[in-house]
Amino acid sequence: MSTNLPSGTVTFLFTDLEGSTKLWEQYPGAMKRALTRHDDIVRESIEGQAGRVIKNTGDGFHAVFETGVSGVNAALAAQRTLSGTDWDEIAPPGLRVRMALHTGEAQERGGDFYGPALNRAARLMSIAHGGQVLLSTTTAHLVRDQLPGPVSLRDLGEHRLRDLVRSEHVFQLVDPALPVDFPPIKSIDAFPNNLPVQLTSFIGRERELAEARQRFESARLLTLIGPGGTGKTRLSLQLGADLLPSFPDGVWLAELAPLTDPALVMQSVASVFHLREQLGMPIDELLIDYLREKELVLILDNCEHLIESCAQLADQILHASACLKIIASSREALGISGETVYRVPPLSLPEAESLSRASVVQCESAQLFMERAGAANPKFAVTEQNAGSIAQICRRLDGIPLGIELAAARVTAFSAEQIASHLDDRFRLLTGGSRTALPRQQTLRALIDWSYDLLSEDERSLLRKLSVFASGWTFEAAEMVCSSLDVLNLLVQLVNKSLVTMDDEPAEPRYHLLETVRQYARDKLLETGESEATRGSHFDHFYALAGEAAPRLRSFGASEWVDRLDREHGNLRAAAQWALENRLEDLFQLTQFLLYFWNRRGYEEEGRNLIREALRRAEQLPEFQGSTDPRRLLLLGEAWQTLIMLAYSQGDNIRAIEASEHAAAIARQLDNKRLLALALAFETSGLVLLGRLEEVNEKLEEGLAAADESGDPAAMGLPMSLFAQAIGATTGDFEAAQARVKRGQDLLARSGDDWGATMGLMATAMVAKARHDYTDARRQFLSVEPFFRDLGDQHRINMVHSELAHIERYEGQYDRAEAMYRGTIKEWQRIGHRAAVAHQLECFALLAQLKADDQRAARLYGAAEALRDRIGIPMTQAERVEYEQHIAELQRGTDAPALTAAWAEGRQWSMDQAVRRAVEGSGNGSK
């Protein structure tokens with residue numbers, strides 16, 4: 001792979017060794033030596049003309065040149081040397097290499113090129129013969145007046161290449177020193193076919209094309225299935241074009257989409273071959289008789305609305321003709337003997353985390369959007385500013401080519417950002433397709449209408465009800481939510497008809513609707529008045545699942561349940577949002593069930609927002625206003641307690657303390673010692689962490705008494721560990737603190753609370769760290785990590801790793817600490833723990849300062865400060881003491897204006913920018 005590739009308008013040279021498979025079979029020993037010599041000759045010829053090799057394909061080369069004449073000279077040099085080479089025992093004419101040159105706009109990514117110009121060069125090469133060099137019109141016009149000596153161009157006329165797009169006026173490079181006469185070039189026109197010219201290029205799909213062709217080799221009937229708009233027709237046409245040289249009687253397309261009468265299928269296929277019904281000979285007999293000895297490919301396009309007639313016809317033809325093969329495109333398989341099915345996937349999508357221009361343009365869906373948008377508006381360009389919107393468009397349209405093409409057509413009136421923001425109303429936005437397209441392909445809604453109208457009423461009903469699932473579903477879930485329907489049989493039919501997709505997972509299959517189909521079905525559900533009842537059933541199922549999971553989340557082996565809830569996260573979120581409007585009391589209970597799931601997977605902020613909104617709505621409901629109902633009061637108290645734990649877990653001690661005060665007030669009103677002990681335990685811990693020690697003693701005394709009076713080992717255990725921190729901080733008596741931790745562990749172990757007991761072990765390690773016994777702290781942190789893994793607690797696993805990194809820093813192992821922070825800060829970023837990210841930015845800054853890179857330190861301190869300002873979460877007291885000490889040292893040793901400028905620069909960084917700068921390593925700043 002080459003670097004420093006040319007950009008802009010460039011010339012591509014493609015080469016390929018003709019008949020290499022046969023040569024390898026005949027001369028295996030000689031071919032190994034010959035191919036090495038061939039590679040050296042072609043590479044030297046390319047590099048001798050300042051060309052760059054893009055890639056070596058095994059039997060050929062892809063190269064790029066800044067000028068067309070350089071490409072021509074390289075091709076001439078290579079062909080002359082190849083022609084004059086003695087190929088040892090390989091029979092004359094030895095190795096014959098076909099070549100092609102095409103000039104166009106370069107679209108480079110990661111040391112490689114992509115796009116229409118590259119594809120055009122490949123297709124042009126594919127029609128050449130060994131020893132022949134072909135040029136496109138563009139390249140020919142560029143080099144015509146610069147050809148060396150006796151070299152000239154021979155006009156070979158207009159030819160259709162196998163990319164099916166516009167024809168190409170082809171020229172042959174003629175050198176008197178080389179063979180000049182060749183058979184007619186192998187363009188589409190050289191083979192019998194009726195494949196239509198396509199007005200747009202074939203984007204991506206190299207993998208799918210290769211897979212489909214591989215399956216076709218061993219199949220009599222290959223059926224391409226998939227949802228509407230995924231490009232089944234285009235893929236079948238491209239596959240047919242590529243197969244042309246292999247079938248003497250050609251490749252023939254029968255377009256069935258316009259038909260509405262199944263009886264016309266036979267006639268439509270017969271008309272492709274210009275057959276007409278004759279007196280005394282029915283059209284079916286005439287067609288079968290005509291095809292009996294033919295060696296051809298028949299493409300039956302858009303079979304889904306005529307599925308039975310197409311299946312019968314295909315079966316008849318395949319039984320009558322041994323040499324004929326069929327490619328069918330349909331929403332569902334034809335279901336006959338000898339059929340091989342290939343499910344056409346959507347185009348590849350941009351990674352959610354990679355929104356830079358360079359990363360977005362690498363995926364097929366974005367390439368399609370770019371090409372179609374450029375055709376609609378020549379001024380359109382992909383930039384760093386709109387790349388994220390293009391990625392959003394592609395993802396929200398599920399990589400469906402038709403949807404992306406319709407969206408790209410709107411760049412004549414809207415920016416990519418505007419298109420992305422209006423996709424919630426996609427069926428109104430995505431209209432105005434080509435007037436020459438089938439009516440169902442002119443709008444996205446019409447396309448799905450076409451599929452929906454082909455369903456039975458029960459199939460439609462199930463499709464509508466399945467729209468309530470937000471992140472896929474299991475068969476069990478579908479049966480529970482859609483219990484009035486025969487889900488077992490109907491779901492299979494929807495999968496077969498490509499409206500539901502199925503993922504094979506290790507545990508059990510999981511089903512999905514493409515988002516576009518889901519929105520369509522959701523609208524239909526609302527129209528029929530079934531929405532509320534179906535969403536209620538959806539809530540009931542996932543409420544029950546969360547309730548079943550909740551006690552297991554505190555036991556070893558919980559990771560399986562955490563993973564299961566994570567797979568259902570979208571459904572849990574959708575259920576909760578519906579309950580906000582409809583079943584608020586059940587929602588409060590659901591949030592308690594989900595506490596430890598949110599806590600394990602970094603969804604604390606989502607949980608906090610949901611509970612705050614639920615509490616706000618409760619304040620406005622008469623049944624909650626001033627209520628003394630113990631059941632409702634307890635729901636509110638538990639909601640505040642859940643809010644406490646989520647805020648505390650995020651390091652937001654101020655809000656945890658505020659929530660503790662609400663929970664404690666309700667606990668006192670109910671005389672609920674368990675709730676009171678928990679609320680006061682977190683409140684005292686928050687006060688200690690913020691350095692508000694003067695407020696601790698009264699809360700500590702009441703909390704300890706409440707824990708003892710509760711008589712509940714689980715309620716007593718966790719508070720004991722938290723109260724231990726307060727005892728250690730206020731008295732400095734770490735032995736007493738450790739004793740409290742040990743008592744809490746014993747209580748939690750007795751109650752069967754594995755998570756709580758593990759948190760007790762974590763508290764033991766934290767006490768060891770607080771007394772500066774880093775050897776013991778390290779040992780205990782390492783011992784507790786496997787328990788958190790078994791519990792599926794990614795948050796605490798990263799917390800352990802962070803604490804180990806801190807210990808390395810305390811012990812002066814700065815390089816080791818920094819290497820560890822590079823991993824932990826990215827994990828905190830992924831989890832969404834912004835307070836932890838801010839603290840670790842401060843740790844990176846501190847390390848930079850210790851390495852005398854004060855400019856980098858100031859930038860990182862500034863970035864951390866700005867992040868803390870945005871999230872409103874201050875440092876803990878311990879963090880503040882260390883921070884102020886190092887800031888004072890930095891100010892003493894650094895030029896004030898330079899420090900201020902660097903600090904201000906860091907404050908401008910976003911969190912993601914700051915993390916990236918921290919992880920990239922130290923800069924060139926000096927003291």
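Residues numbered from 1 in each chain as written. Predicted model: local features only at pLDDT ≥ 70, side-chain atom pairs only at ≥ 80, totals over all residues. Heavy atoms only, no water.

Turning our eyes to something else, we now look at the sheet that holds strand β11 (residues 251–255). With respect to topology, five strands assemble into an open sheet ordered β11-β12-β13-β10-β14, the strand pairing being parallel. Across the chains shown, the open sheet's two edge strands, defined by having one partner strand only, are β11 and β14 (339–343). Neighbour-to-neighbour, the strand axes of this sheet turn through a mean angle of 20 degrees, independent of strand direction. Relative to strand β12 (residues 297–301), β11 runs parallel, the two sharing five bridges. Across the sheet, residue tryptophan 252 finds its bridge partner in β12, namely leucine 298. (Pairing = 2+ DSSP bridges. Helix = DSSP H or I, 4+ residues; strand = E, 2+ residues; numbered from the N terminus. Axes fitted to C-alpha atoms, helices over the stretch in contact; angles between N-to-C directions.)

By size, the foremost hydrophobic cluster in this structure holds 106 residues, and its most contacted members are Leu466, Trp473 and Phe588. The leading source of residues in this core is helix α27 (residues 630–649), at 11 residues. Ignoring any residue separated from it by four or fewer positions in sequence, one finds leucine 466 in contact with Trp473, Ala478, Cys482, Leu491, Leu494, Val500 and Leu513. Counting 39 residues, the second largest nonpolar core, distinct from the first, contains Tyr821, Cys843, Ala863 and Trp903. (Core = buried A, V, L, I, M, F, W, Y, C linked by side-chain atoms within 4.5 Å. Buried < 20%, exposed > 50% of the residue type's maximum accessible area, 1.4 Å probe, protein only. Contact = heavy atoms within 4.5 Å.)

Once that is clear, we can look at the packing of helix α25 (residues 584–601) against helix α26 (residues 604–619). Running from N to C, α25 and α26 cross one another at 160 degrees; their axes reach a closest spacing of 10 Å. Looking at the two axes, α25 sits roughly antiparallel to α26. Handedness of the crossing formed by α25 with α26: left-handed. Each of Leu584, Leu587, Phe588, Thr591, Trp598 and Asn599 in α25 lies in contact with α26, whose residues at this interface are Glu604, Glu606, Gly607, Leu610, Ile611, Ala614, Leu615, Arg617 and Ala618. Looking at side-chain class alone, the contact of α25 with α26 contains nine nonpolar, three polar and three charged residues. (Parallel < 35°, antiparallel > 145°, perpendicular 65-115°, else oblique. Left-handed = near helix turned anticlockwise from the far one by under 90°. Nonpolar A, V, L, I, M, F, W, Y, C, P; charged D, E, K, R; others polar.)

Turning next to helix α21 (residues 515–527). For α21, with 13 residues, the first-to-last C-alpha span of 18 Å sits near the 18 Å given by 1.5 Å per residue. Of the residues making up α21, those classed as buried are Thr516, Val517, Arg518, Gln519, Tyr520, Ala521, Asp523, Lys524 and Leu525. Directly after α21, the chain includes glycine 529, whose backbone phi takes a positive value near 75 degrees. (Expected span 1.5 Å × (residues − 1).)

Glancing now at the confidence of the model for the protein chain. For the protein chain, the average pLDDT comes to 87, and 92% of its residues sit at 70 or higher. The spread of mean pLDDT over the elements of the protein chain runs between helix α16 (residues 426–429), the lowest at 63, and strand β7 (residues 133–135), the highest at 97. (pLDDT = per-residue confidence, 0-100.)

Attention now goes to the sheet that holds strand β4 (residues 97–105). Strand order in the open sheet formed by seven strands is β2-β3-β1-β4-β7-β9-β8, and the pairing between neighbours is mixed. Only two strands of the sheet have a single neighbouring strand rather than two, namely β2 (52–56) and β8 (152–159). Across the sheet, the mean angle from the axis of one strand to that of its neighbour is 25 degrees, orientation sign disregarded. Of the pairings in the sheet, the one linking β7 to strand β9 (residues 168–174) comprises two bridges and is antiparallel in character. In the strand pairing of β9, leucine 135 is matched with phenylalanine 171. Where helix α2 (residues 28–48) meets the sheet, it contacts β1 (9–17), β2, β3 (61–65) and β4, and its direction lies at approximately 10 degrees from that of β3. Against the sheet, helix α4 (residues 116–126) contacts β1, β2, β4, β7 and β9, and its axis sits at roughly 155 degrees relative to β4.

Attention shifts here to the packing of helix α18 (residues 457–466) against α21. For the pair α18 and α21, interaxial distance at closest approach is 7 Å and the crossing angle is 105 degrees. Relative to α21, α18 is oriented roughly perpendicular. Contacts between α18 and α21 involve Leu463, Arg464 and Lys465 from the first element and Val517, Ala521, Lys524 and Leu525 from the second. Of the residues contributing to the contact of α18 with α21, the split by class is four nonpolar, no polar and three charged.

With an omega of 10 degrees, the peptide bond between proline 92 and proline 93 qualifies as cis. Despite not being glycine, histidine 274 has its phi angle at roughly 60 degrees, a positive value. Within the element layout of this structure, histidine 274 appears in the loop between α8 (265–272) and α9 (283–291). Judged by relative accessible area, which is 66%, histidine 274 ranks as exposed. Non-glycine residue histidine 772 carries a positive phi angle of around 65 degrees. With respect to the helices, strands and loops of the structure, histidine 772 is situated in the loop between α33 (754–770) and α34 (774–790). Among the residues examined, histidine 772 registers a relative accessible area of 57% and is labelled exposed.

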